[in-house]
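Take a look at the letters that make up each chain.
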Amino acid sequence: VPLDPAYPADRLRYMLEDSAPAALVTQSSLAGTFAGLDVPAVELDAPAPAWAEGPETNPACAGLTPDHLAYVIYTSGSTGRPKGVMVDHRSLVNHTAWQAAAFGIGARDTVLQRTSVSFDASVWELWTPLATGARMLLLSSAAAKDPEAIGRVMVEGGVTVAQFVPTLLQAVLGARPAGAPLLCRILFCGGEPLPPALVEEARAAGVGEVVNLYGPTEATIDSTWHPCPAGDGRAPAIGRPVANARVYVLDARGEPAPVVVVGELHVGGAGVARGYLGRAGLTAERFVPDPFGDEPGARLYRTGDLGRWRADGTLEFLGRTDFQVKIRGFRIELGEIEAALLEHEAVRECAVLAREDAGEKRVVAYVVGEARAEALRAHVRRSLPEYMVPSAFVALDRLPLTPNGKLDRRALPAPELASAEEKYVAPRTPVEEVLAGIWAEVLRLERVGVTESFFELGGHSLLATRVVSRVRTVFGVELPLRALFEGATVAELAVRVEEMRRAELPVLPPVVPVERTGALPLSFAQERLWFIDRLEPGSAVYNVPVAWRLGGALDEAALERALGEIVRRHEALRTTFPEVDGSPVQVIAPFGGFALPVEDLSGLGEAEREAAVRRRAGEEARRAFDLSAGPLFRAALLRVGAEDHVLLLSMHHIVSDGWSMGVLFRELSALARDLVGDRSELPPIEPAAREGRLPLSFAQERLWFIDRVE
Ligand code: AMP
């Protein structure tokens, strides 16, 4: 009974109680998860395990037959509890022998072991290499969820045989660096319909053969297989039965449907499981007598899948007859999620749906009752694995019904995943801003507030890996996937990223100043601005102007000295961008003093004065810079009255940005204080009253205007 420790403890305990195994083989680090259960535990990493004293010879196993149980794997159960599928040795041996022979798997192969032990694809990933002498490459559980790591390990480890569900294959192909190959002799795909374009993409990446595998857990991993031919553009078939398996397409009366007529797929033969552990009724319902076989007592498994035979003798998959769905390849009974929700005291009624609204299939829960989404999410997490936790919870006054009183699934509204206006908190730091951008991109939302939960916005583990890999590229930190589950908001993640960046700083090479003697290259952002300036010389679009109103007594000479000191301190403010041989270079001029022109407007009448201030500020803001001659930093002081001045500063964006404006303002305040000594201080900026409408800053006005134009 394979148990994935990533499952919720409640679910693991249920599986242990339900299967009542003779012993639990585990590791000391996991012992706590299973504490209090009535199962003897064997800790493989215990310092002096009791079994170390046992004989080294093979155990005597006379009496074992092909009818003994090989494994029990739990799958989602529609009535609210997972059900254990019992598979015999006969069935597993049949699958292993078929796979090894059909694909010539042997000692020269390296098989990727990636699937969680909770799913039966992991069974062949373990047994086929062990039985054929192939090398087995095990991924860590963290890497197994990370499409980029999977691709990398496959190439580095020389993997020749692997299996993915199509959703993950898409992610692995998408996460590769441009042009990087995915060399693999055989790529098995299964668990959900395989898009034809994906087959082409995999082949283009260097995959030898893409094989579509179909089969329920109840018929031992795979029932049919189909090597996808190159470029025939059709939706791949699920193919023909594997060795010693038989597949029937039966109509409602249990009669074989003619070719191209749709029916329910039934599987017979060596792969048919023994049944569901401890569920005789359910077993009888799904495993029915086989009227076509000649073995006495043989049964067929009714898959609940719709399909038909194509004229070429291959089978086609056409969906489900019931509410079992596949989300990212995970098999889910929607009824199990509904049952878990109904256990919450504040839920009166509910319905759960798999919907595809924004190009992504998601589980959505519709709930009648007082419970809030956060509480419900926490509640279902206690018993359901992550892939079964709904992405969205929609509160309804009542469930919509059809005229004859049944739930009207089509009338259930699409969930509102976008950030709601009242909840939206805008990013407050550069890291938050970048993270919010990454989330919006990954979740395909227009914007993301920093206090909203990734999972409430429709995030799931595969999308979380995309966030993690984007964070790695953008910030250069190895954020663990766990981090997103521990702190699911942009704000929380930003704290984490900033901590990691600080912690990881020493590994960065030290920043060493380059010689200032020769021509210096431009940064990419500067090059872009230089180029735009070339296209539209004399444009003021990239001017960064500010106007500060300074109240109180002002020492104009001290202000001039302070500005001069800033220009002396900052090379950027002394830099120009002349052209040398057709390309721009940066030239830093030595400091040659700084003059602050003063214009006296104090003689004008009050109304004229204000008009003159606005006019001059506008002129300064619009005056073009000459990038090659400079200066690219200008200042002017308007004397409005004895205790009233306006300082106008403008810079070209090529030497400044929002961040440097902050630096400039801080330094100016500090310097002005030092320079004026005891006599007076640069007065603090008085905030304007916040009532009513506020005028825009010049920089805002400029951006508003550009937005109007384009
Ligand atoms: P599981 O028991 O988790 O392997 O899920 C089995 C179910 O997944 C089948 O009954 C189908 O509904 C679906 N399935 C498996 N393989 C394929 C495939 N190649 N194409 C379409 N659906 C598939």
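Scroll up to find the structure.
These remarks concern the structure in this document. The structure displayed is predicted, hence computed values, not measured ones.

About the thresholds
Residues numbered from 1 in each chain as written. Predicted model: local features only at pLDDT ≥ 70, side-chain atom pairs only at ≥ 80, totals over all residues. Heavy atoms only, no water. Helix = DSSP H or I, 4+ residues; strand = E, 2+ residues; numbered from the N terminus. Buried < 20%, exposed > 50% of the residue type's maximum accessible area, 1.4 Å probe, protein only. Lys, Arg positive; Asp, Glu negative; His and termini not counted. Salt bridge = Lys/Arg side-chain N within 4 Å of Asp/Glu carboxyl O. Polar contact = N/O pair within 3.5 Å; in protein donor to acceptor, adjacent residues only side chain to side chain. Contact = heavy atoms within 4.5 Å. Near = heavy atom within 4 Å. Areas by Shrake-Rupley, 256 points an atom, 1.4 Å probe, with all protein chains shown as cover. Nonpolar A, V, L, I, M, F, W, Y, C, P; charged D, E, K, R; others polar. Pairing = 2+ DSSP bridges. Axes fitted to C-alpha atoms, helices over the stretch in contact; angles between N-to-C directions.

This paragraph deals with the environment of Glu333. Looking at the secondary structure, you find Glu333 in strand 19 (residues 330-333). Along the primary structure Glu333 and Val646 are separated by 313 residues, whereas in three dimensions their C-alpha atoms are 69 Å apart.

Tracing the chain through its elements places Arg114 in the loop between strand 5 (110-113) and helix 3 (121-132). No salt bridge is formed by the buried Arg114, whose closest oppositely charged neighbour, Glu125, lies at an N-O distance of 5.3 Å. In terms of polar contacts, Arg114 uses its side chain to reach the backbone carbonyl oxygen of Ala144, at 3.2 Å. Apart from the residues within four sequence positions on either side, Arg114 is in contact with Glu125, Leu139, Ala144, Ile150, Gln163, Phe164 and Leu168.

Looking now at the site of the ligand. For the ligand, the set of nearby residues contains 15 residues, the closest of which are Leu213, Thr217, Asp305, Lys326 and Arg331. Between Glu192 and the ligand, the recorded distance is 3.4 Å, taken from a backbone N or O atom to a nitrogen atom. Interatomic distance of 2.8 Å between a side-chain N/O atom of Lys326 and an oxygen atom of the ligand. Out of a free accessible area of 500 Å², the ligand has 93% covered by protein chains. Going through the elements one at a time, strand 9 (207-214) and strand 17 (315-320) are the ones with two or more residues in the shell around the ligand. Counting residues per element, the shell around the ligand draws most heavily on strand 9, which supplies three residues. Tallied by class, residues from the shell around the ligand come to six nonpolar, four polar and five charged.

Reading across the sheet, the four strands line up as 23-30-29-28 and stay open at both edges, with mixed pairing between neighbours. Of all strands in the sheet, those bounded by a partner on one side alone are strand 23 (543-551) and strand 28 (598-600). Here the average twist between neighbouring strands, direction ignored, is 20°. As paired strands, strand 23 and strand 30 (residues 644-652) are joined by nine bridges and run antiparallel to one another.

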